[in-house]
Amino acid sequence: MTKSNEYDALVIGGGIAGEEAALNLANIGYKILLVEKDLSIGGKMIHLSKVFPTLDCGACITTPKVSETARHPNISIFTNSVIEDIEKHYENDFSAKLVEKPRYVTEDCTGCQICEEKCPVVVEDQYQWDLVGRKAIYVPFSIANPRIAAIDIENCSLCGLCEKVCPAFAIDFSQEEKIHEVNFKTVIIATGFELFDPTLIPRYGYGRFKNVVTAMQMERQLVPTRPFNNVLRPKDGKMPDNIAYVLCTGSRDETVGTPICSQVCCMYSTKQAQLLMGALPMADVTIYYLHIRAFGKGFCEFYQQAQGMGVEFIKGKVGLIKEKENGNLLLRYEDIQEGIVKEAEHDLVVLSVGILPNTDFSTMFKNVKIEQDDFEYVNQVDELSSPAKTNINGVFVAGTSSGPMDIPDSILSAGAASAEAAGYLKGGKK
Amino acid sequence: MKKTIDVMKEKRKVSESVRNSIKSFNKIKKLILKSLESEEKTIPELAKETNTDIETITYHLMTLLKYGFIEAGDMDDDDEYYYYKLKNKK
């Protein structure tokens, strides 16, 4: 890995789209600066159990790409870092500030986690979507890259035990934020997406009723590095046997400012339902939906497969969720086919939350303004013939920064962005 | 040799919420581990015996499971709840 201040391309975001774009350009000889705000590259995909519609292991697909990115001699990676003040001077001439935040642990860390054993502080583990605790010093997750611990200084008790026990002498509380001036010739925005916050729909009870979880919390329960010892209810550890999915939570809902379809929720819910039927063979799984959007290759067959396995699909709009004393949930919903309001009891409810734009990119530019579309994603100025182009010549967009899409489409989009960027670097785009 | 923690101690103080969080976790950790000394228990049994909110017991117990203090045993007769026991305790 090279570390200088001159690069051919800046890739912002180390998720699947950013990695793909970086690798494509690095493989043809360009020097890439990849900047990731999180402690590890891998984006959201690295946290998934399996992918639809093939049910391939998500980690098995993403970790080789993560490793290839991390080891590529033409790619310099900065994690726990952000980009600010991007300035375009001329064509093929950009500069920016790279802000590297302190991790308080050096690259000498071996990831042994002895420090974690000793740390007395427990706070919610954001990499398990708050279902379980983590320490103030922690390796983010088992397949993190880099697999280096970090100290959550806001929650640190300053006891110094980690520094005392670290066999690699890797703890360094004297680290400070570093600012690097960097120059590059093109930019790829791959900042990804955020997930809808279901507390914005209080009638679903998320945050108040522990047995109402998000699909990402269920996803974590379905991976081998799950937060619990099996798929269990977060409230009382009971093994659920009657699980409901509420589709379109924060998608196609103008009342919460998210009018568009998130494109992935129908299929990830169908995937999770199938995985649940494998993990909990006695469980009933019901999916409440408005429309099933099974538009991709193999999606319709995947939906039919779930039906064949016994997943119940109810065309119904859930209006209210109430909690019973035993932790079960009562769902009040409109049965759209029968045209009547009904109530059903489930012991665990999964909210299939939608995708939102991650608008971090909008404040990164200094002397030029990046345009956003009506939904606050990066505006694709020539969506049909050059989908990676933005309003700034030399700045391209990859993956879900331009709109909701699934993993294969994100990778395709990253391919388009890297091809456009390579053309721009060669002087083909003016 | 001066430890780097001393550099940080000069720059910032530990917040009250961090202190309270450590106290709270340790208190519940002790309750759970003490309760499991006698025999393995389910989460509802632990909550009842320790007179602690069941959500709190679940969260802390799962954290103790993650850090290797306890392990999961068999399920109860109704196949609803797991029993949990101290690790290495047969």
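Residues numbered from 1 in each chain as written. Chains lettered and ligands numbered in written order. Predicted model: local features only at pLDDT ≥ 70, side-chain atom pairs only at ≥ 80, totals over all residues. Heavy atoms only, no water.

J.: What should I look at first to understand the overall build of chain A in this one?
T.: Looking only at helices and strands, chain A features 8 helices and 23 strands. Scaling as 2.2 N^0.38, a compact globule of 430 residues should have a C-alpha radius of gyration of about 22 Å, and chain A matches this with 23 Å. Every one of the 430 residues in chain A was classed for burial, and the buried ones make up 58%. For chain A, restricting intrachain contacts to residue pairs at least 6 apart in sequence, the fraction spanning at least 24 positions comes to 66%. (Helix = DSSP H or I, 4+ residues; strand = E, 2+ residues; numbered from the N terminus. Rg over C-alpha atoms; globule rule 2.2 N^0.38 Å. Buried < 20%, exposed > 50% of the residue type's maximum accessible area, 1.4 Å probe, protein only. Contact = heavy atoms within 4.5 Å.)

J.: Would you mind showing me how to read the state of the cysteines here?
T.: Working definition: the covalent bond between the sulfur atoms of two cysteines is a disulfide. All names here are of chain A. Summed over the entire model, instances satisfying the criterion amount to 0 disulfides over all chains. Take Cys-162: it sits in no disulfide, and the sulfur closest to it among the cysteines is that of Cys-156, at 6.1 Å. Among the residues examined, Cys-162 registers a relative accessible area of 9% and is labelled buried. In this structure Cys-166 is a free cysteine whose sulfur lies 6.2 Å from that of Cys-112, the closest cysteine sulfur available. Taking the relative accessible area as the measure of exposure, Cys-166 reaches 12% and is therefore buried. (Disulfide = S-S within 2.5 Å.)

J.: Would you take a moment to explain the side chain of A:Lys135 for this structure?
T.: Following the sequence through the fold, A:Lys135 ends up in strand β9 (residues 133-135). Here A:Lys135 is buried and forms no salt bridge, its nearest opposite-charge partner A:Glu116 lying at an N-O distance of 6.8 Å. The residues touching A:Lys135, leaving out its near neighbours within four places in the chain, are A:Glu116, A:Glu117, A:Cys119, A:Val121, A:Val122 and B:Tyr67. (Lys, Arg positive; Asp, Glu negative; His and termini not counted. Salt bridge = Lys/Arg side-chain N within 4 Å of Asp/Glu carboxyl O.)

J.: Mind showing me how you'd approach the packing of helix α6 (residues 265-279) of chain A against helix α7 (residues 299-309) of chain A here?
T.: Two measures define how a pair of helices packs: the angle their axes make with one another and the distance between the axes. Residues and elements named next belong to chain A. Put simply, α6 and α7 touch, their axes get as near as 10 Å, and they point 35° apart. Helix-helix and strand crossings are classified by hand; for α6 and α7 the assignment is left-handed. Residues Met-267, Thr-270, Lys-271, Gln-274 and Met-277 of α6 touch α7, and the partners they reach there are Phe-299, Phe-302, Tyr-303, Gln-305, Ala-306 and Met-309. Residues that form the contact of α6 with α7 fall into these classes: 7 nonpolar, 3 polar and 1 charged. (Axes fitted to C-alpha atoms, helices over the stretch in contact; angles between N-to-C directions. Left-handed = near helix turned anticlockwise from the far one by under 90°. Nonpolar A, V, L, I, M, F, W, Y, C, P; charged D, E, K, R; others polar.)

J.: I tried to follow the sheet that holds strand β12 (residues 178-184) of chain A on my own but got confused; where do I start?
T.: The strands that make up a sheet are held in pairs by hydrogen bonds between backbone atoms, and each pair lies either parallel or antiparallel. Residues and elements named next belong to chain A. With antiparallel pairing, the 3 strands of this open sheet are ordered in space as β6-β7-β12. Among the strands making up the open sheet, the edge pair consists of β6 (81-90) and β12. With direction set aside, neighbouring strand axes in the sheet form an average angle of 20°. Across 7 bridges, the pairing between β6 and strand β7 (residues 93-100) is antiparallel. Bridging across to β7, Ser-81 finds its partner in Glu-100. (Pairing = 2+ DSSP bridges.)

J.: Looking at this model, I keep getting lost on the sheet that holds strand β5 (residues 75-78) of chain A. Mind explaining?
T.: All names here are of chain A. What the 5 strands build is an open sheet, ordered β5-β2-β1-β13-β23; its pairing is parallel. Only two strands of the sheet have a single partner each, and these edge strands are β5 and β23 (395-397). On average, each strand axis in the sheet is inclined to that of its neighbour by 20°, with strand direction left out of account. Pairing of strand β1 (residues 9-12) with strand β13 (residues 186-189) involves 4 bridges; the strand directions are parallel. If you follow Ile-12 over to β13, its bridge partner there is Ile-189. Together, β1, β2 (32-35), β5 and β13 form the strand contacts of helix α1 (residues 16-27), whose direction differs from that of β2 by roughly 170°.

J.: Teacher, can you tell me more about α1(A) here?
T.: Three or four residues apart is the spacing at which side chains of an α-helix point the same way, because the helix has 3.6 residues per turn. Residue and element names in this part refer to chain A. Over its 12 residues, α1 runs 16 Å from end to end, which matches the ideal 16 Å to within 8%, given 1.5 Å per residue. Burial analysis of α1 places 10 of its 12 residues in the buried class, the great majority of the element. Residues of α1 that are buried: Ile-16, Ala-17, Gly-18, Glu-19, Glu-20, Ala-21, Ala-22, Leu-23, Leu-25 and Ala-26. Packed against the buried residues of α1 are β1, β2, α2 (58-71), β5, β13 and α8 (407-425). Positive phi appears at Gly-29, one or two residues downstream of α1, with a value of about 100°. (Expected span 1.5 Å × (residues − 1).)

J.: Could you clarify how one ought to interpret the pattern of salt bridges in this entry?
T.: Should the charged atoms of two oppositely charged side chains come close, the side chains can pair. All names here are of chain A. The full count for this structure, using the stated rule, is 22 salt bridges over all chains. For Glu-91, the salt bridge goes to Lys-88, with nearest N and O atoms at 3.0 Å. Given a relative accessible area of 32%, Glu-91 falls into the partly exposed group. Of the charged contacts, one joins Lys-342 and Glu-338 as a salt bridge, the two residues approaching to 3.2 Å between their closest N and O atoms. Glu-338 sits in the exposed class, given a relative accessible area of 51%. Bridged by salt links that share partners, the residues Lys-37, Glu-194 and Asp-360 form one connected network.

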